[in-house]
Amino acid sequence: MLRINDEAPNFTAETSQGTINFHEWMGNGWAILFSHPKDFTPVCTTELGYMAGLQPEFAKRNCKIIGLSVDPVSSHTKWAADIEETQGHKVSFPMIGDPDLKIAKLYDMLPADSGNTSEGRTAATNATVRTVFVIGPDKKIKLMLSYPMSTGRNFDEVLRVVDSMQLTAAHKVATPVNWKHGDDVIILPSVTEEEAKQKYPGGWKAPRPYLRIVPQPK
């Protein structure tokens, strides 16, 4: 079973933009892999369109986007036309074809005994292929979010989480509940008082000794 901080399993696969090796495709940046149980499903159509609209924001953060559906790449190409027409955004990121279910199993989204073909399977039988993976430059999984088919995913939240993770990777801080870019942050407990005084000479708010609140570092 995959967990946060596990290495994201590598794979080679056909996509709507040719064959890729996942880790090589990522390069030295961040990546979001988000999966779909079947092509031409209504909720996923809205999600892919919205994510296509957000792609420039993720690009600013050195974060690539890649989708996955258990159907073949030839089906993805037809679906992409529907997405652009109905959602107003062209899907310009690659979509992985997974008709043999190998990647869905590799990422623990389907059990090993699910067979080896998407033929004859419905969205309902693939319902667990609805996960967002955020993967860091070190190729480790930083976040996993799984949704039911009836609930559209909140990709503004995924963007917020990427902002938080990139900030906290660069500074010894954590982000509090409902944090948004520019809000105050929390000094990590591992940072000593002396270290904190050097880094934050203006001081901080501390309603409790373990809760030290400072403006977001630049």
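Just so it is clear, the model here is predicted, and its values are computed rather than measured.

Asker: Is there a simple way to explain the side chain of Asp163 in this structure?
Answerer: Locating Asp163 in the fold gives a position in helix H5 (residues 155–170). The exposure class assigned to Asp163 is buried, which follows from its relative accessible area of 14%. If near-sequence neighbours (up to four positions away) are discounted, Asp163 is found in contact with Arg61, Trp179 and His181.

Asker: Please clarify how the packing of helix H2 (residues 42–60) against H5 should be interpreted in this entry.
Answerer: The angle between the axes and the distance between the axes are what describe a pair of packed helices. In the contact formed by H2 and H5, the axes pass within 10 Å of each other and the chain directions differ by 30°. When the axis of H2 is compared with that of H5, the two are roughly parallel. Seen along the crossing, H2 lies across H5 with a hand that is right-handed. Mapping the contact onto sequence places Glu47, Tyr50, Met51, Leu54, Glu57 and Phe58 in H2 and Phe155, Asp156, Val158, Leu159 and Val162 in H5. Of the residues in the contact of H2 with H5, the class split is eight nonpolar, no polar and three charged.

Asker: Can you help me understand the environment of Tyr210 in this one?
Answerer: Within the secondary structure layout, Tyr210 lies in the loop between strand S10 (205–208) and strand S11 (211–214). Classification of Tyr210 as exposed rests on a relative accessible area of 60%. A sequence separation of 55 residues divides Tyr210 from Phe155, and the C-alpha atoms of the two residues are 32 Å apart.

Asker: What is the right way to read the packing of aromatic side chains from this model?
Answerer: Two measures describe an aromatic ring pair: the distance that separates the ring centres and the angle between the ring planes. One pass over the structure, following the stated rule, counts seven aromatic pairs. Their ring planes at 20° and their centres at 6.1 Å tell us that Phe22 and Trp25 sit as a pair that is stacked. Of this pair, Phe22 and Trp25 both sit in helix H1 (residues 22–26), three residues apart, roughly one helical turn. Side by side, Phe22 and Trp25 carry an identical accessibility label, which is buried. One aromatic cluster is present, built from ring pairs that chain together Phe11, Phe22, Trp25, Tyr107 and Phe133.

The rules behind each value
Residues numbered from 1 in each chain as written. Predicted model: local features only at pLDDT ≥ 70, side-chain atom pairs only at ≥ 80, totals over all residues. Heavy atoms only, no water. Helix = DSSP H or I, 4+ residues; strand = E, 2+ residues; numbered from the N terminus. Buried < 20%, exposed > 50% of the residue type's maximum accessible area, 1.4 Å probe, protein only. Contact = heavy atoms within 4.5 Å. Axes fitted to C-alpha atoms, helices over the stretch in contact; angles between N-to-C directions. Parallel < 35°, antiparallel > 145°, perpendicular 65-115°, else oblique. Left-handed = near helix turned anticlockwise from the far one by under 90°. Nonpolar A, V, L, I, M, F, W, Y, C, P; charged D, E, K, R; others polar. Phe/Tyr/Trp six-rings, centres within 6.5 Å; stacked < 30°, edge-to-face > 60°.

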